[in-house]
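Observations on the three-dimensional arrangement
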There are 2 protein chains.
Amino acid sequence: MIEDILRRTMRESYASEKDSGFKCLNPELSSVVIVGGKGQLGGLFGRMFTLSGYEVKVLGSQDWDRADEILDGAGLVVVTVPIHLTNGVIERLGNLPEDCILCDLTSIKSKPLQAMLDVHKGPVVGLHPMFGPDVASLAKQVIVHCNGRGEDKYQWLLEQFGIWGASLCNIDAAEHDHGMTLIQALRHFTSFAYGLHLSKENPNIDKLLQLSSPIYRLELAMVGRLFGQDPNLYGDIILSSQENIDMIKRFHHCFGEALEILEGKDKQAFVQSFNEVSDWFGDYSTQFMNESQNLLKQANDAIHRG
Amino acid sequence: MIEDILRRTMRESYASEKDSGFKCLNPELSSVVIVGGKGQLGGLFGRMFTLSGYEVKVLGSQDWDRADEILDGAGLVVVTVPIHLTNGVIERLGNLPEDCILCDLTSIKSKPLQAMLDVHKGPVVGLHPMFGPDVASLAKQVIVHCNGRGEDKYQWLLEQFGIWGASLCNIDAAEHDHGMTLIQALRHFTSFAYGLHLSKENPNIDKLLQLSSPIYRLELAMVGRLFGQDPNLYGDIILSSQENIDMIKRFHHCFGEALEILEGKDKQAFVQSFNEVSDWFGDYSTQFMNESQNLLKQANDAIHRG
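Below is a summary of the structure that appears in this document.

What counts as what
- Residues numbered from 1 in each chain as written.
- Chains lettered and ligands numbered in written order.
- Predicted model: local features only at pLDDT ≥ 70, side-chain atom pairs only at ≥ 80, totals over all residues.
- Heavy atoms only, no water.
- Salt bridge = Lys/Arg side-chain N within 4 Å of Asp/Glu carboxyl O.
- Helix = DSSP H or I, 4+ residues; strand = E, 2+ residues; numbered from the N terminus.
- Buried < 20%, exposed > 50% of the residue type's maximum accessible area, 1.4 Å probe, protein only.
- Pairing = 2+ DSSP bridges.
- Axes fitted to C-alpha atoms, helices over the stretch in contact; angles between N-to-C directions.
- Expected span 1.5 Å × (residues − 1).
- Contact = heavy atoms within 4.5 Å.
- Phe/Tyr/Trp six-rings, centres within 6.5 Å; stacked < 30°, edge-to-face > 60°.
- Lys NZ or Arg CZ within 6 Å of the ring centre and 35° of its normal.

**Considering the pattern of salt bridges**
- What the rule picks out here adds up to 20 salt bridges over all chains.
- Note that glutamate 219 of chain A is salt-bridged to arginine 187 of chain B, the shortest N-O span being 3.3 Å. Of this pair, glutamate 219 of chain A sits in helix α9 (residues 214-226) while arginine 187 of chain B sits in helix α7 (residues 173-201), which puts the two residues in different chains. Accessibility classification places glutamate 219 of chain A together with arginine 187 of chain B in one group, the buried group.
- Of the charged contacts in the structure, one is a salt bridge between lysine 249 of chain A and glutamate 263 of chain B, with a shortest N-O distance of 3.0 Å. In this pair, lysine 249 of chain A is assigned in helix α11 (residues 242-263) and glutamate 263 of chain B in helix α11 (residues 242-263), connecting two distinct chains.
- One salt-bridge network, in which partners are shared between bridges, spans Lys38, Asp63, Arg66 and Glu69 of chain A.

**A few points about the sheet that holds strand β2 (residues 56-59) of chain B**
Residues and elements named next belong to chain B.
- Here 7 strands make up an open sheet; going across it, the order is β2-β1-β3-β4-β5-β6-β7 and the pairing mixed. The open sheet is flanked by β2 and β7 (167-170), the only strands paired with a single partner. Each strand of the sheet is rotated relative to its neighbour by a mean of 25°, with strand direction disregarded.
- Across 3 bridges, the pairing between strand β4 (residues 101-104) and strand β5 (residues 124-129) is parallel. Bridge pairing links cysteine 103 to valine 125 in β5.

**A word on helix α6 (residues 151-163) of chain A**
All names here are of chain A.
- Its 13 residues give α6 an end-to-end C-alpha distance of 18 Å, which sits within 8% of 18 Å, the value for a rise of 1.5 Å per residue.
- Of the positions making up α6, those classed as buried are Tyr154, Trp156, Leu157, Leu158, Gln160 and Phe161.
- Each element contacted by the buried residues of α6 is listed here: α2 (40-51), β3 (76-79), β4 (101-104), β5 (124-129), β6 (142-149) and β7 (167-170).
- Positive backbone phi, approximately 110°, marks glycine 165, located one or two places after α6.

**Focus on the packing of aromatic side chains**
- With the rule as written, the count across this model stands at 42 aromatic pairs over all chains.
- A ring pair is formed by phenylalanine 49 of chain A and tyrosine 54 of chain A, whose centres lie 5.7 Å apart and whose planes are at 80°; its orientation type is edge-to-face. Accessibility classification places phenylalanine 49 of chain A together with tyrosine 54 of chain A in one group, the buried group.
- Taking the centre distance of 6.3 Å and the plane angle of 35° together, the rings of phenylalanine 192 of chain A and phenylalanine 227 of chain A count as tilted. One end of the pair, phenylalanine 192 of chain A, is in helix α7 (residues 173-201); the other, phenylalanine 227 of chain A, is in the loop between α9 and α10 (231-238), with 35 residues separating them in the sequence.
- With a relative accessible area of 0%, phenylalanine 192 of chain A lands in the buried category.
- The ring centre of tyrosine 194 of chain A lies 4.4 Å from the NZ or CZ of arginine 187 of chain B, which sits over that ring.

Here's what the structure looks like:
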């Protein structure tokens, strides 16, 4: 009761602050239910909705016996559970109010989007926040959205993300999943394989760091940071589609072909191949040089301050 | 003549400023000759020596008919030419004054160090500046040194680098070269192979960037920046030893083995392997997480400002 009053006060106070980073765009919305709200990403979105004055309920993995009660009258349901559980969880959401918006935060989009469209007759949108739960704020972070059904009904939700600072990127679900074979699966797996290789070579990390230029320190940090995180998440992402595995196989094959240039000690072939790739990158290689230049300076400063 | 006076005035003025970043530690030294001083790295070191008041002469690839004249009475000779030319150039330096210090800046160390010891009877030291010629200053940059002969005679030179802000790292030449198979050869080649693979897959870079989380933007920038640079330099570094090629082959093999886990869709094996690598990284994975966290924030800010 007191919570209700507090929440309403918060909501009104936010709604009245037009420039607030948490302004509530849909004060009439009934509850927001975060399915998987006890996870890190679910927790982050739960906090954001709460700060904007929405009523947030959590449906955790232990709460399914109370699911009907929690989902009763929901205005927005956000599914954010491990990838391999996503479709199974979506299938249990067949009784949502017809005007309820159903969305998910999974890092693959085609299958969950289809599953949501199959189970729910109302508005559906697939979302992929391109950041981890450890961001300080959503400012400048990218949220990808794949339209499902009833775009006009969930337009306010995308705008709400914008209020929180996020940049929206609209893309077809299949195109998203194809891009992720490069952006997620291949990169994560390459870092994994590099870490595995390092552990077998077993160099002294301290000595490596002493010898390292800023760029290698950074590259080593990018690999090392992977192994401070959840193996299940990365396993799920990489194994989420055959398309991912095929992409990784093509990279391995390409690497093997390039290795043949080395085995023949053919520097001219290396330079020619290098120049062809430079042409493909075009102006981007210069842009990346400049972008990374500044960053390496900051990296160097940061490392030596530490 | 006027130049001589100017130089002497500069030298004295620097020598008198004890806290100056360019204080001259060896004002009695006769000339510094930079062999390859028209290259970018040679140019950087030439400027540093000049700013500290040393007399700097350049022996470029077109100057060998005047070599005796240029090298006459040299107090320090710095060899900084493309890797594949290094040993040939060193062999031409058999007539240096006996108290002259001979050093090189090559990114491999065993072979050039041996070549310098063979050709010159005086003080010899192998150097490897762990940074590119585009650094704004030497502050906090690492210079690796491999002792050759007459350490007490070139101690002032190492201290001079320290005055310029650099950190010194002493290491055995063979150990250095082994570390570089990981730090340079494998990383450069992996970036090369990834760029080659991307150019074959031919995705729309703009679309990839739109979809990218900060970490992938950074990784893509790290790869793309390679292709804005000199293919000959990277070809030379990678092809400089069989040890490099063997290291790259072992990585390729390790990647192939890890790929088998994926083909079997064996998530448990992936998680187990991942955990073993995490154990190997130990506390470093957390340290790398924190280090990269800050950096990713800066990257994100930098990218969105741009």
